[in-house]
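Spelled out, the chains give:
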Amino acid sequence: MDFKDILAEQEEYVRDLRREFHMYPETSWNEKRTAKRIKEELEKIGISYQKYADTGIAAVIEGSKPGQTVALRADMDALEVEEKADLEFKSKNEGIMHACGHDGHTAMLLGAARALYQIKDELAGRVKLIFQPAEEMVQGAAKMVEEGVLDDVDGIMGIHLWIDLPTGKINVEAGPRMASGDYVIVEFTGKGGHGSMPHQAVDPIVMASSFVLDSQAILSREIDALDPVVLTFGKMKSGSRFNVIPDKAEIVGTLRCFNEKTRVQASKAIKRYAEKTARAYRGEAEVTIQKGTPPTINDPRAAEIGQSAAKKIAAAEDLIVMDKVTGSEDMAYYLREVPGVIAFVGAGFEDEEQNYPHHNSKFKINEDSLKIGTKLYFNFALEFLEQY
Amino acid sequence: MDALELEEKNEVDYKSENDGLMHGCGHDGHTASLLTAAKILNDLKAEFAGTVKLIFQPGEEIAVGAKTMVKEGVVKDVDAIFGIHIWNDLESGKISVEAGPRMAAVNQFIINIQGEGGHGSMPHQGVDPIMAGAAVVMNLQTIVSREFDPMEPAVLSVDIFNSGSKGNVLPDSSYLEGTTRCFSREINHDFEGIIARVAQETAASYRAEVELEYNKMTLPLINDQEISATAKKAAAEVSGQGSIVKLDKTTGGEDFSFFAAEVPAAFAFVGSRNEAKGADAPHHHPEFNIDEEALKTASGLYAQFALDFLNEGEVE
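Along every chain, residues carry numbers that run from 1 in the direction the sequence is written. Whichever chain is written first becomes A and whichever ligand is written first becomes 1, with later ones labelled in order. In keeping with the predicted nature of the model, local features appear solely for residues at pLDDT of at least 70, side-chain atom pairs appear and are counted solely at 80 or more, and the whole-chain, interface and lining totals rest on all residues.

Before going further, it helps to examine the overall build of chain A. Counting its regular elements, chain A contains 11 helices and 15 strands. By its C-alpha atoms, chain A is 85 × 40 × 40 Å across when sized along the principal axes. In this scheme the burial state of a residue depends on its C-beta neighbours within 10 Å: 20 or more other such atoms mean buried, 12 or fewer mean exposed, and anything in between means partly exposed; the C-beta positions come from the backbone. Counting all 388 residues of chain A, 53% fall into the buried class. The contacts of chain A with a sequence gap of at least 6 include a subset with a gap of at least 24, amounting to 82%. Helix numbering and strand numbering both begin at the N terminus, where a helix is a DSSP run of H or I of at least 4 residues and a strand a DSSP run of E of at least 2. By definition, residue pairs are in contact when their C-beta atoms, positioned from the backbone, come within 7 Å.

See below:
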């Protein structure tokens, strides 16, 4: 059977739905209208669903024959950004904007669901649709996993519309794709005193400065040179007056890694450097590493399936390789549980002037990317159930 | 002449009538003693050759009064100068007026480090001003230990380091502020240039740029050998040889140093501490009070110094 017509029928539907979601963006954990609309659309198609993680939804399309269960994931939430893009379907919710493309993800998954439902008699296995809240707070996926959304799932695929890729290009690659993101907070405690009598005090600014410098050697001396790690301290606060030695210095930073082992290794080294450096200056350090997202790692076999799905809708030269990025994505929580992939679907304009980074108040996607994403969801499900 | 923004907590019948203001450092005593000395000297003016100039100076606590009076020419016709601090760290009845460095030069520095902001996960696209700032803090520590004569005390403290807003955003600048203290005029002269070099070159190695603001608040207060000897003699005449004691120099500052930088000078500490009379709180404390006996000593010492200095001049 030719699926082309079935898929072509979804194009307008997906575009209109995405524009609607774009007009009514909702922040993380407040995706109430979005959830209501998703349920309405699923009901129209005839797919039953279940509530997960408060505003999240999971729905299953049962094939006629037994087989594996493949999950397709879309995120739903928007950002606290005042939209400055000039669009006829500009945000109607003040101070909130779909500035990352999640409106497209949700619309594409509903389009793919409509198409898959039409061919369900030909499916060997089940397709699970996951609509997830609170990706921007990197909490939604973890919560859905905790509530068991993956318990019956054999593999998963998620899409990110990606402005840094021109529309038409697709990237599905095995291995680490996005970094882990952990907060590193170090509080150095010395002893306050008068700036003119440093010997009576223990200076926490010298301690913190020494640590900021020395800890860079973790990257260059302790971590495998082939394994990228980023350690940035973005904030340092200490002191109140030019002639008063403060008693504390606080620094806050971010640690980015592409595999769990390195993440643990680097965290331990940071703690050791902070504590030992503080000791050397007669002070103390308290290190808190607030764990954020794990690294997002694509399974090799699932990536192969993703590539063969992509080849069905794109020319070989449009299936490109792309460097992994140091940003984070909570898709990582699913990929830790079951084999799967995150695919990057190009959404950039040919005219560079129109491309603004994700999260920018002028961010917009090339709508031609929507049909590509819809097809990729659809084809991945078919390929996975056939091949895996 | 000036007082402090301090709510007086003493229960005395001459307690401050001005809300939130208090003579918490003894300047009331300095002014009264100098007026008393003026009376004495005026009575004796037939007996000395020369001129006694009385300087009543504002704005000492913010270290601008002396500087401004010097600029306006107050010491242009002056051959020597003598100042007194009534001092609660010294027992009432004791006087210290040693030659050499007595109080430190107080300087404030502000270092702005300009990098280039970016995302914390992509440090290569920015220039990290926290890294550069940390390196500046560390390298500044070597100035005192590596560039100055070990016999010359000096202090450099970075007391404020502020930068950034979030752990994962690379900020574009860092703000450092601190103080230097020293007792040598040479070091005080060189300090600014050395800090500028260390900060600029260090930041440059991290691709960042530096802007230094350096504010000389007080100069080293150095007592002249001869003037101190004259003052010591006057002190012995007023309070007896046994009253003269030695007191360590302090890292605090005094703007009398701007006069002392212009003309030969001596600065005396006149003891005012008397626990039995409840005069034992430190300077700038809301319960600061002095043993009023110190006023007699200070008045006499001012007058005696003037007479002795002018009479010595006559002998020459």
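The number of helices and strands found in chain B is seven helices and 11 strands. Each principal axis of the C-alpha distribution contributes one length, and for chain B these read about 80 × 50 × 35 Å. Within chain B, buried positions represent 45% of all 316 residues. Put simply, of all contacts in chain B between residues at least 6 apart along the chain, 77% involve residues at least 24 apart.

Residues and elements named next belong to chain A. With eight of 10 residues buried, strand β12 (residues 248-257) is to be regarded as a mostly interior element. Examined bridge by bridge, strand β10 (residues 229-238) and β12 share eight bridges and lie antiparallel to one another. Paired with L231 across the two strands is L255, which belongs to β12. Here the rule is simple: two strands pair whenever DSSP picks up at least two bridges between them.

Between chain B and chain A, the residue contacts involve 35 residues of the former and 36 residues of the latter. With eight residues, strand β6 (residues 154-163) of chain B is the largest single contributor of residues to the side of chain B that touches chain A. Of the residues assigned to the side of chain B that touches chain A, the class counts are 16 nonpolar, 15 polar and four charged. Two strands pair when backbone bridges link them, and β10(A) and β6(B) are joined in this way by three bridges, in the antiparallel orientation. By the bridge assignment, M236(A) is partnered in β6(B) with S163(B). In the scheme used here, Gly and all other residues not listed as nonpolar or charged are polar, with Ala, Val, Leu, Ile, Met, Phe, Trp, Tyr, Cys and Pro taken as nonpolar and Asp, Glu, Lys and Arg as charged.

The next point concerns the sheet that holds strand β13 (residues 284-290) of chain A. The strand order across the open sheet formed by eight strands is β13(A)-β8(A)-β12(A)-β10(A)-β6(B)-β8(B)-β4(B)-β9(B), and the pairing between neighbours is antiparallel. Where the open sheet ends on each side, the last strands, each with one partner, are β13 of chain A together with β9 (209-218) of chain B. Each strand of the sheet is rotated relative to its neighbour by a mean of 25 degrees, with strand direction disregarded. With seven bridges joining them, strand β8 (residues 182-189) of chain A and β13(A) adopt antiparallel strand pairing. Bridged to F188(A) within β13(A) is A285(A). To obtain an axis, a line is fitted to C-alpha atoms, over the contacting stretch when the element is a helix, and the angle between two such axes runs from 0 to 180 degrees between their N-to-C directions. Strands in contact with helix α3 (residues 129-147) of chain B are β10 of chain A together with β4 (105-114), β6 and β8 (173-182) of chain B; relative to β6(B), the strand with the most contacts, it is inclined by about 175 degrees. Against the sheet, helix α4 (residues 185-205) of chain B contacts β4, β6, β8 and β9 of chain B, and its axis sits at roughly 165 degrees relative to β9(B).

Now for unusual backbone geometry. All names here are of chain A. Unlike most non-glycine residues, D54 shows phi in positive territory, near 65 degrees. With respect to the helices, strands and loops of the structure, D54 is situated in the loop between β1 (49-52) and β2 (56-62). Take D54: there are 16 C-beta atoms within 10 Å of it, and that puts it in the partly exposed class.

So, about the domain arrangement of chain B. Residues and elements named next belong to chain B. All domain edges in this entry derive from an automatic or database-based domain assignment. What the domain assignment lists for chain B is domain 1 (27-103 + 220-315) and domain 2 (105-218). One C-alpha centre belongs to domain 1, the other to domain 2, and the line joining them spans 37 Å. Looking at the side of domain 1 that touches domain 2 residue by residue, the class counts come to three nonpolar, three polar and three charged.

Residues separated by three or four positions in an α-helix point in the same direction, a consequence of the helix having 3.6 residues per turn. Residue and element names in this part refer to chain A. Take the number of residues in a helix, subtract one, and multiply by 1.5 Å to get its expected span. Between its first and last C-alpha atoms helix α9 (residues 300-311) spans 16 Å; for 12 residues at 1.5 Å apiece the expected length is 16 Å, and the two agree. For α9, every residue scored as buried is listed here: A302, A303, I305, G306, Q307, A309 and A310. Taken together, the buried residues of α9 touch β5 (155-166), β6 (170-171), β14 (296-298), β15 (340-348) and α11 (368-387).

Let us look at the domain arrangement of chain A. When the parts of a complex come together, some accessible area is lost, and that lost area is often taken as the interface size. Domain assignment breaks chain A into domain 1 (4-177 + 297-387) and domain 2 (182-290). A separation of 39 Å is found between the C-alpha centroids of domain 1 of chain A and domain 2 of chain A.

Let us look at the pairing of strand β1 (residues 81-91) of chain B. All names here are of chain B. Across the 11 residues that make up β1, a large majority, eight, are buried. Pairing between β1 and strand β11 (residues 265-273): eight bridges, direction parallel. Paired with E91 across the bridge in β11 is R273.

What follows covers the sheet that holds strand β2 (residues 95-96) of chain B. Whether parallel or antiparallel, the strands of a sheet pair through hydrogen bonds between backbone atoms. Residues and elements named next belong to chain B. In spatial order, the strands read β1-β11-β2; together these three strands make up an open sheet with mixed pairing. Among the strands making up the open sheet, the edge pair consists of β1 and β2. In terms of strand pairing, β2 meets β11 through two bridges, oriented antiparallel. Note on β11: the bridge partner recorded for S96 is F269.

What follows is about the packing of helix α4 (residues 102-118) of chain A against α11(A). Each packed pair of helices is defined by two parameters, the angle between the axes and the distance between the axes. Residue and element names in this part refer to chain A. Put simply, α4 and α11 touch, their axes get as near as 8 Å, and they point 50 degrees apart. In terms of orientation, α4 lies oblique with respect to α11. Seen from above, α4 lies across α11 with right-handed handedness. Residue-level contacts link G104, A107, M108, L109, G111, A112, A115 and L116 of α4 to L370, G373, T374, Y377, F378 and A381 of α11. For the contact of α4 with α11, a count of residues per class yields 10 nonpolar, four polar and no charged. Here is the rule for angles: anything less than 35 degrees is roughly parallel, anything more than 145 is roughly antiparallel, 65 through 115 is roughly perpendicular, and the remaining ranges are oblique. Left-handed is the label given to a crossing in which the near helix is rotated counterclockwise from the far helix by less than a right angle, and right-handed is the label when the rotation is clockwise.

This paragraph deals with the nonpolar core. By our criterion, buried Ala, Val, Leu, Ile, Met, Phe, Trp, Tyr and Cys residues that link up through C-beta atoms within 7 Å make up a nonpolar core. Grouped together as the largest cluster of nonpolar side chains are 105 residues, with contacts concentrated most on V136(B), A268(B), V270(B) and L301(B). Setting aside residues up to four positions removed in sequence, L301(B) forms contacts with I84(B), A234(B), A235(B), V238(B), A268(B) and V270(B). In terms of nonpolar packing, the next biggest core, distinct from the first, is built from 75 residues, L116(A), L165(A), A343(A) and F344(A) among them.

To continue, consider α4(B). Residue and element names in this part refer to chain B. The terminal C-alpha atoms of α4, which comprises 21 residues, lie 31 Å apart, in line with the 30 Å expected from a rise of 1.5 Å per residue. Within the span of α4, buried status applies to I187, N188, F191, I195, V198, A199, T202 and A203. In this fold, the buried residues of α4 make contact with β4, α3, β6, β8 and β9.

Further remarks concern the packing of helix α6 (residues 204-214) of chain A against α3(B). Following both chains from N to C, one finds α6(A) and α3(B) inclined at 120 degrees, their axes separated by 8 Å at the closest point. It follows from the interaxial angle that α6(A) and α3(B) lie oblique. As for the relative orientation of α6(A) and α3(B), their crossing is left-handed in sense. Contact residues: I205(A), V206(A), S209(A), S210(A), V212(A) and L213(A) in α6(A); I130(B), M131(B), A134(B), A135(B), V137(B), M138(B) and Q141(B) in α3(B). The residue inventory of the contact of α6(A) with α3(B), partitioned by class, reads 10 nonpolar, three polar and no charged.

Looking at the secondary structure, you find R336(A) in the loop between α10 (332-335) and β15. In the structure, R336(A) is positioned 42 residues away from P294(A) in sequence and 8.3 Å away in space, judged by C-alpha atoms.

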